[in-house]
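Structural overview for review
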Amino acid sequence: MKVASFAFIVWSVCGLFFGFGYANPELLEADPINYNYDRIDEVKKECASVLSSASELRPEESRVYSVKKELFFINGDWRQEVGKAPIMPFDDREVPKNSSDTPDPLNLVSFWVKDVDHARRSRKSVSVSGLLSMGITRDGSFTDSGFDGNPQFQIWPGHSQLSIAFEGIYTESKKNGGERVLCLLGSAMLPSREPNTLDPWEWVKVSIPRYDQPPLLQDDRILLVLRFPMTFTLTSRVIRGEMRSLNPKSNPKYFDEVEILSQLGTSTDYEFASEKVVSKACDRYPFQDSLMNGGISVYKGSHFCEILEEVTRDQAFTVVPNWRCNGTDEFCSKLGPYISDKEIKATDGGFKDVKIYIQNLKCEQKAARGNVSSAMVSAVFRAVPPLENQYTAAVRSGVSNMTVAAEGVWKSSSGQLCMVGCLGLIGSQGTGCTSRICLYVPISFSIKQRSIVFGSFSSLDKNNASYFPLSFEKIVQPSELWNYFKASHPYYSYSKLDTAGTILEKNEPFTFGTVIKKSLLQFPKLEDTEAFLVSLSLLSEDLTLHVSAVPDPFPSPRFPKTEVQLEILSVGPLFGRYWSNGSTTEAETPYHTKAEYTEKQLLLNVSAQLTLTGKAYNNFSVLFLEGLYDPHVGKMYLVGCRDVRASWKILFASMDLEAGMDCLIEVVVSYPPTTARWLVDPTARISINSKRNEDDPLHFSIIKLQTFPVMYRKQREDILSHRAVEGILQILTLSFAIACISSQLFYMKHNLVSVPYVSLVMLGIQALGYSLPLITGAEALFKRMASDSYEMQSYEFENNQWFRMIDYTVKLLVMFSFILTLRLCQKVWKSRIRLLTQAPPLELHRVPSDKRILITTFSIHVIGFMIVLIIHNTKTSQRSLRAKTHTLILKRNSHLLQEWETVLEEYVGLVQDFFLLPQLLGNFVWQIDCKPLRKLYFIGITAVRLFPHIYDYVRAPIRNPYFAEDHEFVNPSFDFYSKFGDIAIPVTAIILAIAIYIQQRWNYEKLRQTLTLGRCKLLPSRFRMYERLPSQTVEAELVSGVNGRLHIYQKHHVSKVEMNNVSNPITA
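Residues numbered from 1 in each chain as written. Predicted model: local features only at pLDDT ≥ 70, side-chain atom pairs only at ≥ 80, totals over all residues. Heavy atoms only, no water.

**A word on the overall build of the protein chain**
We count it as follows: Under the DSSP-based scheme used, a helix requires at least four consecutive residues in state H or I and a strand at least two consecutive residues in state E, with every element numbered from the N terminus. Between buried and exposed lies partly exposed: a residue is buried under 20% and exposed over 50% of the maximum accessible area for its type, with that area taken using a 1.4 Å probe on protein chains only. Any two residues whose heavy atoms approach within 4.5 Å at even a single point are treated as in contact. Every accessible area reported is derived by Shrake-Rupley at a probe size of 1.4 Å, with residue values counting cover from the shown protein chains alone.
Across its full length, the protein chain holds 28 helices and 30 strands. When burial is assessed residue by residue, the protein chain has 50% of its 1068 residues classed as buried. Put simply, of all contacts in the protein chain between residues at least 6 apart along the chain, 74% involve residues at least 24 apart. Of the accessible surface of the protein chain, which amounts to about 52400 Å², a share of 56% is contributed by carbon and sulfur atoms.

**So, the sheet that holds strand β11 (residues 355-369)**
Formally: Strands are labelled as partners when DSSP assigns at least two bridges between them. Each axis is a line fitted through C-alpha atoms, taken for helices only over the stretch in contact, and angles between the N-to-C directions span 0 to 180 degrees.
Spatially, the eight strands close up into a barrel ordered β10-β11-β12-β13-β14-β15-β17-β18, and their pairing is antiparallel. Geometrically, the sheet is characterised by an average inter-axis angle of 30 degrees between neighbouring strands, direction not taken into account. Here β11 runs beside strand β12 (residues 372-384); their pairing, made up of eleven bridges, is antiparallel. Within the sheet, the bridge partner assigned to Ile356 lies in β12 and is Ala383. Sheet contacts for helix α5 (residues 275-282): β13 (403-411), β14 (417-423) and β15 (435-440); angle to β14, the most-contacted strand, approximately 110 degrees. Contacting β10 (316-320), β11, β12, β13, β14, β15, β17 (451-459) and β18 (470-475), helix α6 (residues 304-312) crosses the sheet at an angle of about 170 degrees to β11.

**Digging into the environment of Ala368**
Following the sequence through the fold, Ala368 ends up in strand β11. Ala368 sits 43 residues away from Lys411 along the chain, and the two C-alpha atoms are 9.8 Å apart.

**With respect to the nonpolar core**
What counts, and what does not: What makes a nonpolar core is a set of buried Ala, Val, Leu, Ile, Met, Phe, Trp, Tyr and Cys residues whose side-chain atoms join them at distances within 4.5 Å.
Counting 58 residues, the largest nonpolar core has Ile87, Met134, Leu182 and Met243 as its most contacted members. Here the element with the most residues in this core is strand β3 (residues 126-137); it accounts for five residues. Among the nonpolar cores identified, the runner-up in size contains 56 residues, and Phe317, Ile358, Val404 and Cys641 belong to it.

**Let's talk about helix α23 (residues 917-926)**
Within α23, nine of the ten residues are buried, which leaves it mostly tucked inside the rest of the structure. Every buried residue of α23 is accounted for by Leu917, Pro918, Gln919, Leu920, Leu921, Gly922, Asn923, Val925 and Trp926.

**Here's the deal with the UniProt feature "transmembrane region" (unreviewed entry) in the protein chain**
So the rule is basically this: UniProt positions are given in the numbering used here, feature names are shortened, and annotations may be inferred rather than shown by experiment.
When the UniProt feature table is mapped to this numbering, "transmembrane region" (unreviewed entry) covers residues 727-748, 760-782, 802-825, 853-872 and 980-998. A helix fraction of 100% and a strand fraction of 0% characterise residues 727-748, whose end C-alpha atoms lie 31 Å from each other.

**Description of the confidence of the model for the protein chain**
Note the cut-off: The predictor's confidence in any single residue is recorded as pLDDT, a number from 0 to 100.
Looking at the protein chain as a whole, the pLDDT averages 77, with 73% of positions reaching at least 70. A low-confidence stretch, residues 783-799 stays under pLDDT 50, and its non-local contacts, those more than four residues away or across chains, total 50 contacts. For the stretch residues 879-897, pLDDT sits under 50, and the model shows 23 contacts to residues farther than four places along the chain or on other chains.

**What to know about the pairing of strand β5 (residues 159-173)**
For β5, a buried count of 15 out of 15 residues is recorded, marking the element as mostly surrounded by other parts of the structure. Note that β3 and β5 share twelve bridges and pair antiparallel. Across the sheet, the residue bridging to Leu131 is Ala165, located in β5. Across five bridges, the pairing between strand β4 (residues 152-156) and β5 is antiparallel. The residue of β5 that forms the bridge with Gln154 is Gln161. Between β4 and β5, which pair antiparallel in sequence order, lie two residues; one of them, Gly158, sits at a positive phi of approximately 85 degrees. Relative to strand β6 (residues 179-191), β5 is paired through nine bridges, and the arrangement is antiparallel.

**With respect to the state of the cysteines**
Threshold: Put simply, a disulfide is two cysteine sulfurs that come within 2.5 Å.
This model, assessed by the stated rule, comprises six disulfides. Disulfide pairing is shown between Cys282 and Cys418; the S-S distance is 2.0 Å. The disulfide joining Cys282 to Cys418 has a torsion of about -95 degrees about its S-S bond and is therefore left-handed. In this pair, Cys282 sits in helix α5 while Cys418 sits in strand β14, placing the two residues 136 residues apart along the sequence.

**Observations regarding the pattern of salt bridges**
Any two side chains of opposite charge can pair, given that their charged atoms come close. Stated formally: Take a side-chain nitrogen of Lys or Arg and a carboxyl oxygen of Asp or Glu: if they are within 4 Å of each other, that pair is a salt bridge.
All chains considered together, the criterion is met by 23 salt bridges. We note a salt bridge from Glu310 to Arg313, for which the minimum N-O separation is 3.3 Å. Lys506 is the partner of Glu666 in a salt bridge, and the nearest nitrogen-oxygen pair spans 2.8 Å. With Glu666 in strand β26 (residues 661-670) and Lys506 in helix α11 (residues 497-507), this pair connects stretches of sequence that are 160 residues apart. Given the relative accessible area of 15%, Glu666 is considered buried. The partly exposed category is assigned to Lys506, whose relative accessible area is 47%.

**Here's the deal with the pairing of β26**
Burial analysis of β26 places nine of its ten residues in the buried class, which makes it a mostly covered element. Judged from the six bridges that link them, β26 and strand β27 (residues 683-690) form a sheet pairing that is antiparallel. Residue pairing across strands places Val669 opposite Ile686, the latter belonging to β27.

**Notes on the packing of aromatic side chains**
Condition: For Phe, Tyr and Trp, rings pair up if their centres lie within 6.5 Å, where Trp contributes its six-membered ring, and each pair is then called stacked (planes under 30 degrees apart), edge-to-face (over 60) or tilted (otherwise). In our convention, an over-ring charge means Lys NZ or Arg CZ found within 6 Å of a ring centre and within 35 degrees of that ring's normal.
Per the counting criterion, the structure on display carries 14 aromatic pairs. Relative to Trp410, the ring of Phe304 has its centre 4.3 Å away and its plane inclined at 5 degrees; by these criteria the two rings are stacked. One end of the pair, Phe304, is in helix α6; the other, Trp410, is in strand β13, with 106 residues separating them in the sequence. Taken together, the aromatic side chains of Phe317, Tyr338, Phe381, Phe457 and Phe472 make up a single cluster linked through ring pairs. Above the plane of the ring of Phe287 lies Arg436, whose end atom (NZ or CZ) is 3.9 Å from the centre.

**Details of α5**
In plain terms, the rule: The directions considered for the arc run from the helix axis to the C-beta atoms.
Residues Val277, Val278, Ala281 and Cys282 constitute the buried set of α5. Along the long axis of α5, the arc covered by the buried residues comes to 120 degrees, so they all point the same way. Across α5 from its buried face, at more than 90 degrees, point the exposed residues Glu275 and Lys276.

Okay, structure coming up:
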């Protein structure tokens, strides 16, 4: 059983590698295809010239056993002379003609040895089988799709790919310093050409081409010869090949000869045996270039190879413009030793978006002798045009005028890697090696030095240099520092602190508000309980911003959002992040106990890198920052430098630049507090201001941004705290509401005569308000501030026991409030039913009814809703640009209602706030002379409804202009839930409560006499329609089943006699 399980695991792991298409030959050992080698006689005939120059394969040599492992290449180059017989078509009709932003197609080829038959080994050769995959691609997706033994051809727009199966022999030759040769015969399904036409691929250009069924011809007359150097060195590192058709030119299967070029891969052994060639560039080591005398500290430790391999792995290096050049245009616009194509020439010496990749890096660190260690390094420097696919460029292995092969030496005495560079194809004597490459790994950084690797190309011929020295660099990324400097000690040199202090004095004048802010609020700061370096690292993490932002103040025509990335490079003496190894005492001492830091706690030195991504900042993308951070007010006062290095034509005359940097920039970053986040706006603000004159070409308008809510390290706890606070407030307000409703129930029990005059419409609105949270899930009473940051509820958040307990308690209280409100409705309804049942037929009109109240209230709210909708549509019509810009975002919100439905849903909340309106109307209609509502009830419920508005007014809003539903139930983006609404609604509700209080305190006649305007009375004369029925009758009707119908009638008759003696009947 254990053996079976182990076999299953091995099979699964191998299946994963094959499934992902890895091309490592070691993983192809277990090939399921059966190779017959039935063409061996034909191979020997066609490869006679190769066999004639082959040397004997000695049994003791192991090269023949490493054929499958070493003889392969991936993504080499192939080219075919323009003739009448191209090997494959290419469909480029989707690319507009004369398009300048479309890259040229790439001709890529890969080859693998699939099988070696040692049983058929002869004295000079061994039988082998292989696979060649070649194609033309523009989309950068050229890969090996696997080989099932059947050659195939595939084509689709922008991509053509042909696979050919080969069978042949492996030999070795002493020509050209020793070669390993593969001579192979192939079979393929070649695309068919149209005969006797000017366009051989006419079938590709039809209106509806058949990509799935192209016309193919089977051909097994293809000869491939590949020559690999016996030993890979600087001057012998190129893999050459030629593939030609053995058919006559008249045969439709014939194609013109194909030339193949590639070079050694990463798994191939390399020999550093070109000391003579290297000495031409590095004889006087170290070479004195600009960086050697620039005052920058570089790495000189014993882990140079480890760092170099980490920094260069699949990384693109930025080419620095020749902004210091003062020669001719041709001299200054050249891309170093490379022969530029049209894309690079179009940059006019600015080299915008031109990249350099360091490939096939071989680095051998030698043992230190005394205090000096050294390393031998070999690499290929590939220049990549702006439009070429970056992923494809990183894995290409072809040799061209855009590749420079290099070899050299690094010594710890200077920290300089000095190499000789050879362009394209290299002669055996080093012809073509005319460049010097100097490369450094800096460990000191400043606002003007942010390169993790810096290098340059220069000509070996100083007197007749054909190009200006070309520099390239890789800008440091703070998030990657822990990878690059595991064994070194980088540091940051602050040079702009005095200027930053001036910015601080200008932007933080002493005011009373600043004093209050410092005393009441807390901002990101050093943790007292943490070790000093750990505390600095945590603060650096808190100050880092990865968030979206909008202009501040927010413009009327809404702008697309901007992505802000503020990476902290250093805080105080800490560069990057701190990773404790548990062996230093520095990490065990809290910072506040160290005397040397007690005087420096007011302000902290910081350096950062600000990146803005958005259409509005295409010419203003990256800022290098340095300055001061004040933890008492949560602000950073920074000097900014932006890289404005461009063509020498633009910047050579600029005398106020600092190493090609425009450093006349002031930046202020304001952070939200870490305390009272549920009361203070949790957004950061960024201000960027140029100090140049408006007529200066480098001047730019001031930039002010406000971010979306910022998430600190403990944001999850803050969210829980915020929700817990609101939950507790919900519990308190709901508990108070239940107490108010309960008091009204007790009041009804002892004041039966006033029960029928409680408005059922008012109670229905109350019940609706309590039922909606139970039905829709909207939160009761409070409007949840649901920004895009707070909507990200994690598993931990949703399963927090404390939050769930609060949530269940709130739902239970809402349900209890709903039941009590229904009980109020039941009491009022039953009292009216009994009045209708027991009253004489002629006096039924005197029983209070909510019919007119319902119609009036409904009409008022319908008119109010229409007015609100018209005002809202008028305002939102001015923001049509936003609707077009963010259509995709709105579509992704599947729960998003139509705008009018959203306004309607939110207007329901307004109706609940004005719940006393029906009671106010009823009191006028029924001309009451009693007190239907207890003061604690209507004043208390009004306070409960108004408390969320007061809470929202005190608590700073979280603005998110990209989602219409910022709140689940009410939306402050609409007019009646704006800051103005948080004032207007409570004032209106308070007026309604005061009106109810006056109505219940004064009788109708007194109120009518009071509300006069000259001789005109605002209220009509009283009428008998709603005259109150006798109190005895009401009391009897509320006692069900007491003495029966006859007893009730007797009381009623006595009441009528008594009422005839009352001159002024009491009206209800």
